[in-house]
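# Overview (structure and organization)
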Amino acid sequence: QTSEEILHHLQNIVDFGKHVMKQFFGENYVHHGEIVQLPLDFIRQLCLKIQPERPESRCDKDMDTLSGYAMCLPNLTRLQTYRFVEHRPILCIEIKPKCGFIPFSSHVSQEIKHKMCRYCMHQHLKVANGKWKRPSKYCPLDLFSGNKQRMHFALKSLLQEAQNNLKIFKNGELIYGCKDDQDSVSDWNELARHLKPFFFPSNGLVSGPHCTRTIVKELIHVITMALLSSTEACRAGDMRTVPISHGRSYCEASAFNKELVRNGKHKLESSGLPRGCLLYKTLQAQMLDMLDIEGLYPLYNRVEQYLEEFPEERSTLQIDGPYNEAFYEKLLDLSTEDDGTVAFALTKVQQYRIAMTAKDCSIMIALSPCLQDECSEQRPVVLTSKSRFTFSVSVLDLDLKPYESIPHQYKLDGKIVNYYLKNVLAKDDPVMSSLFQENEDCTLVLHKV
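Residues numbered from 1 in each chain as written. Predicted model: local features only at pLDDT ≥ 70, side-chain atom pairs only at ≥ 80, totals over all residues. Heavy atoms only, no water.

How we decide: UniProt positions are given in the numbering used here, feature names are shortened, and annotations may be inferred rather than shown by experiment.
Under an unreviewed UniProt entry, the protein has the name Inositol-pentakisphosphate 2-kinase and belongs to Nothocercus nigrocapillus. Under the UniProt heading Sequence similarities (unreviewed entry), the entry covering the protein gives this text: "Belongs to the IPK1 type 2 family." Annotation of the protein in UniProt includes, under Catalytic activity (unreviewed entry), the sentence "1D-myo-inositol 1,3,4,5,6-pentakisphosphate + ATP = 1D-myo-inositol hexakisphosphate + ADP + H(+)".

In structure tokens form, the structure reads like this:
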């Protein structure tokens, strides 16, 4: 790419954060950054310096050393709101919550998708492909439930099997998390050693397994309270939201749900999320995926056909930006009645891209101990049994998902569901199992007429 193209690409990322995602998440949560110019020699030196530190899975991706343009973003492992604690130790927890609802679309062809969430089904395919050693017990629907018991279970599961969904930093240094393809058996004792000064500053607690469990419990409590905190309103709060009651509020594959059923209880409490908290806003943005990829894919093809006939219309349709106020306004049309137009198809495609971005974002919770006299009304504070923390919550990884990735998403969705039906459910059902063996490679494709 030329320098101009790279500059345009970076400008799109900044504009998308500023004009679109800020409207969904709110001013305090989104840090869209700015574009800066850097001397090429500096970039080359930087590239050489960081290469040994990069994870293996990232080494095939080259850093741009030719354009001289870069994005300058705040270090979100630090507190974003108050400078007075910069000299204090800072703890930061990064969570990638993933998709927090079950599809409610009538376009869904496999009934299993109305019962089990994509994350839980995808775990089995990832383990089969060697990505992870074992499936995680984490289910996003538990985290997004607003029910503290379910949220605690979800966070404990993330801590047990971090995969790439949880990382913990201390003063900007990664102290806990799992790299790709590695065994993620958690060393909670090591984590507790790092966290003890934060939660038990007087060092009065004895060491050992009881101490570790207590510290992990305190950590989970703090994360839950920060996630449920509400710091500001945003414009998305005014839009006609997708009712969360559309879908079921629990996933049948969730370990928490299975435990309840085992104990003879079938009712999963879902307390609901406070409207102002970041999890609520994230879920609302995710639920712009109203048709599911199965209902969306034909609309994507409609747009593609139109672009084949009229390629010059691509910029008018704002597929590659600019991501401005006008782009945001079009996203507010939540109708699902297809009138057969390209305009309808395009709106749904753009909403799906926003939903995909929200499904893949990360939430950063930065915590710093604060003394009682420093904790005034203006600063959000969360209390534990022995400590108090001031905190900031931010969201990152908000680059708009590419329009071109939709066919890949469609294929991946089919793979996840088929693998789950064939290799997980079929094992529990002898009739299903024999059917799959008889028709090993038989696929029935139904086209709408």
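Once the structure has been displayed, the description carries forward.
### Comments concerning the nonpolar core
Worth spelling out the cut-off: Remark: nonpolar core denotes a set of buried residues (Ala, Val, Leu, Ile, Met, Phe, Trp, Tyr, Cys) joined through side-chain atoms within 4.5 Å. Classification of residues uses two cut-offs on accessible area relative to the type maximum, computed with a 1.4 Å probe and protein chains only: under 20% is buried, over 50% is exposed, and between them is partly exposed. Helix numbering and strand numbering both begin at the N terminus, where a helix is a DSSP run of H or I of at least 4 residues and a strand a DSSP run of E of at least 2. Note on definitions: a residue-residue contact is assigned when non-hydrogen atoms from the two residues lie within 4.5 Å.
If you look at the biggest cluster of nonpolar residues, it comprises 91 residues, and the most contacted ones within it are Val20, Phe24, Leu159, Ile168, Phe199, Leu219 and Ile354. In terms of residue count, the dominant contributor to this core is helix α7 (residues 209–228) (10 residues). Once residues lying within four places of it in the same chain are set aside, the contact partners of Val20 are Asp15, Tyr323, Phe327, Tyr328, Leu331 and Ile354. Core analysis: the next-biggest nonpolar cluster, separate from the first, contains 17 residues, Val303, Ala345, Val349 and Ile406 among them.

### A closer look at the pattern of salt bridges
The following threshold applies: By definition, a salt bridge exists where a carboxyl oxygen of Asp or Glu is found within 4 Å of a side-chain nitrogen of Lys or Arg.
In total, this model carries 15 salt bridges according to the counting rule given. Between Arg118 and Asp413 there is a salt bridge whose closest N-O contact spans 3.3 Å. Here Arg118 is found in helix α3 (residues 118–128), whereas its partner Asp413 is found in helix α13 (residues 406–428), with 295 residues between them in sequence. Across the pair Asp338 and Arg302 runs a salt bridge whose closest N-O atoms are separated by 2.7 Å.

### Thoughts on a nonpolar patch on the surface
The condition that has to hold: Note on patches: the residues involved have over 30% relative accessible area and no salt bridge, like charges join within 9 Å, and the nonpolar side chains Val, Leu, Ile, Met, Phe, Trp and Tyr join within 5 Å. The Shrake-Rupley method, run with a 1.4 Å probe sphere, supplies the accessible areas, and residue values consider only the shown protein chains as cover.
Together, Phe42, Leu46 and Ile50 give the surface a local cluster of nonpolar side chains, amounting to about 230 Å² of exposed area. Within the secondary structure, Ile50 sits in helix α2 (residues 40–50). A residue is classified by how much of its surface remains accessible, and Ile50, at 32% relative accessible area, is partly exposed.

### Considerations on the sheet that holds strand β5 (residues 173–177)
Defined as follows: Between any two strands, pairing holds if DSSP finds at least two bridges. Angles here are taken between N-to-C directions and fall from 0 to 180 degrees, while the axes themselves are lines fitted to C-alpha atoms, restricted in helices to the stretch in contact.
Taken in spatial order, the six strands line up as β5-β4-β3-β6-β8-β7 in an open sheet, and their pairing is antiparallel. Every other strand in the sheet has two partners, leaving β5 and β7 (381–383) as the edge strands with one partner each. Direction aside, neighbouring strands of the sheet carry axes that sit 30° apart on average. Where strand β6 (residues 362–369) and strand β8 (residues 388–396) come together, eight bridges link them in antiparallel fashion.

### Focus on the confidence of the model for the protein
The criterion, for reference: Note on scores: pLDDT gives the predictor's confidence for each residue, bounded by 0 and 100.
Taken as a whole, the protein shows an average pLDDT of 85; of its residues, 83% reach a score of 70 or greater. In this model, residues 180–184 is a region of pLDDT below 50 whose contacts with residues beyond four sequence positions or in other chains number 18 contacts. Across residues 431–440, confidence stays below pLDDT 50; counting only partners more than four residues off in sequence or on other chains, it has seven contacts.

### Structural notes on the side chain of Lys96
Using the following cut-off: Two N or O atoms form a polar contact when they lie within 3.5 Å of each other; inside protein one atom must be a possible hydrogen donor and the other a possible acceptor, and for residues adjacent in sequence the pair counts only when both atoms belong to side chains.
Position of Lys96 relative to the elements: it lies in the loop between β3 (91–95) and α3. One polar contact links the side chain of Lys96 to the main-chain carbonyl oxygen of Asp360, over a distance of 2.9 Å. A distance of 3.4 Å separates polar atoms of two side chains, one belonging to Lys96 and the other to Asp397.

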